[in-house]
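Inside the fold
Here are the chains, one letter per residue:
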Amino acid sequence: DPGQVAVAAARQQIGQPYVTGGESRAEGGFDCSGLTSYAWKQAGVTLPRSSTAQYSWATKIKKADLEPGDLVFYAAGSTVSHVALYAGDGKIIQARKPGIPAGEYDLDTWWTSNLVGYGRIPASAL
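Now for a quick tour of the structure.

**Some details on the pattern of salt bridges**
Going through the model one piece at a time under the given rule, you end up with seven salt bridges. Ionic pairing is found between Arg49 and Glu23, a salt bridge with its closest N-O pair at 3.4 Å. With Arg49 in the loop between helix H2 (32-41) and helix H3 (51-57) and Glu23 in strand S1 (residues 23-24), this residue pair connects regions lying 26 residues apart in the sequence. Owing to a relative accessible area of 36%, Glu23 belongs among the partly exposed residues under this scheme. A salt bridge links Asp70 to Arg120, with the nearest nitrogen and oxygen atoms 2.8 Å apart. Linking Asp70 in the loop between strand S3 (59-61) and strand S4 (71-75) with Arg120 in strand S8 (residues 115-120), this pair joins segments that are 50 residues apart in sequence. What makes Arg120 partly exposed here is its relative accessible area of 24%. It is possible to trace a salt-bridge network through shared partners that takes in Glu23, Asp31 and Arg49.

Right, dumping it as structure tokens:
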């Protein structure tokens, strides 16, 4: 299952530093969309690079339909500015912000006021 591959890849990056524009350990760490891009790349899928572009590209789904590997989107204003990877069991894996290493968080309690929605990798990309 590609979603499980992506989750396993993201989980291996927990503890990595947040680096703006970062997409790999070789670059010293990850930013939010760099981590989701990296995780899905390990499953053979290329994602758009920014959280905004990933939101536009993803197939929108409902929370009840979330599966491991799906994307969770957040906005600080009117534009999507953050993305996390749904890991299953109500958890998300994300590169949060500078100074905080990548980690796993509870979907139901993390930055809920800024949650925009949920997305799935389009079937055409798999």
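So much for the structure itself; the text now carries on.
**Structural notes on helix H1 (residues 2-11)**
Within H1 the residues assigned to the buried category are Gly3, Ala6, Val7, Ala9 and Ala10. Each buried residue of H1 lies within a common arc of 165° when the element is viewed along its axis, so the set occupies one face. Taken together, the buried residues of H1 touch H2, strand S5 (80-88) and strand S6 (91-94). You can read the cap of H1 off the contacts: a side-chain oxygen lies 3.0 Å from the backbone nitrogen of Gly3, and it is on Asp1.

**Comments concerning the sheet that holds S3**
On the basis of which strands lie adjacent, the open sheet formed by six strands has the order S3-S8-S4-S5-S6-S7 and antiparallel pairing. Every other strand in the sheet has two partners, leaving S3 and strand S7 (103-106) as the edge strands with one partner each. The mean inter-strand angle of the sheet, taken between neighbouring strand axes irrespective of direction, is 40°. Relative to S8, S3 is paired through three bridges, and the arrangement is antiparallel.

**Re the pairing of S6**
Pairing geometry for S5 and S6, over three bridges, is antiparallel. The residue bridging Tyr86 from the neighbouring strand is Ile92, located in S6. Once S5 ends, the chain turns through two residues before running back antiparallel as S6, passing Asp89 with a positive phi of about 55°. As defined by bridge partners, S6 adjoins S7 across four bridges and the pair is classed as antiparallel. Looking at S7, one finds that Ile93 is bridged to Glu104.

**Side note on the nonpolar core**
Counting residues in hydrophobic clusters, the biggest one holds 24 residues, and the most contacted among them are Trp40, Leu71 and Leu85. Mapped by element, the contributors of at least two residues to this core are H1, H2, S4 and S5. Top element by residues in this core is H2. It accounts for five residues. Sequence-distant contacts of Trp40, defined by excluding residues within four places in its chain, comprise Pro2, Gly3, Ala6, Val45, Leu47, Gly69, Leu71, Leu85, Ile121 and Leu126. In terms of nonpolar packing, the next biggest core, distinct from the first, is built from eleven residues, Tyr86, Tyr105, Leu107 and Trp110 among them.

Rules of the game
- Residues numbered from 1 in each chain as written.
- Predicted model: local features only at pLDDT ≥ 70, side-chain atom pairs only at ≥ 80, totals over all residues.
- Heavy atoms only, no water.
- Salt bridge = Lys/Arg side-chain N within 4 Å of Asp/Glu carboxyl O.
- Helix = DSSP H or I, 4+ residues; strand = E, 2+ residues; numbered from the N terminus.
- Buried < 20%, exposed > 50% of the residue type's maximum accessible area, 1.4 Å probe, protein only.
- Arc of directions from axis to C-beta.
- Contact = heavy atoms within 4.5 Å.
- Polar contact = N/O pair within 3.5 Å; in protein donor to acceptor, adjacent residues only side chain to side chain.
- Pairing = 2+ DSSP bridges.
- Axes fitted to C-alpha atoms, helices over the stretch in contact; angles between N-to-C directions.
- Core = buried A, V, L, I, M, F, W, Y, C linked by side-chain atoms within 4.5 Å.

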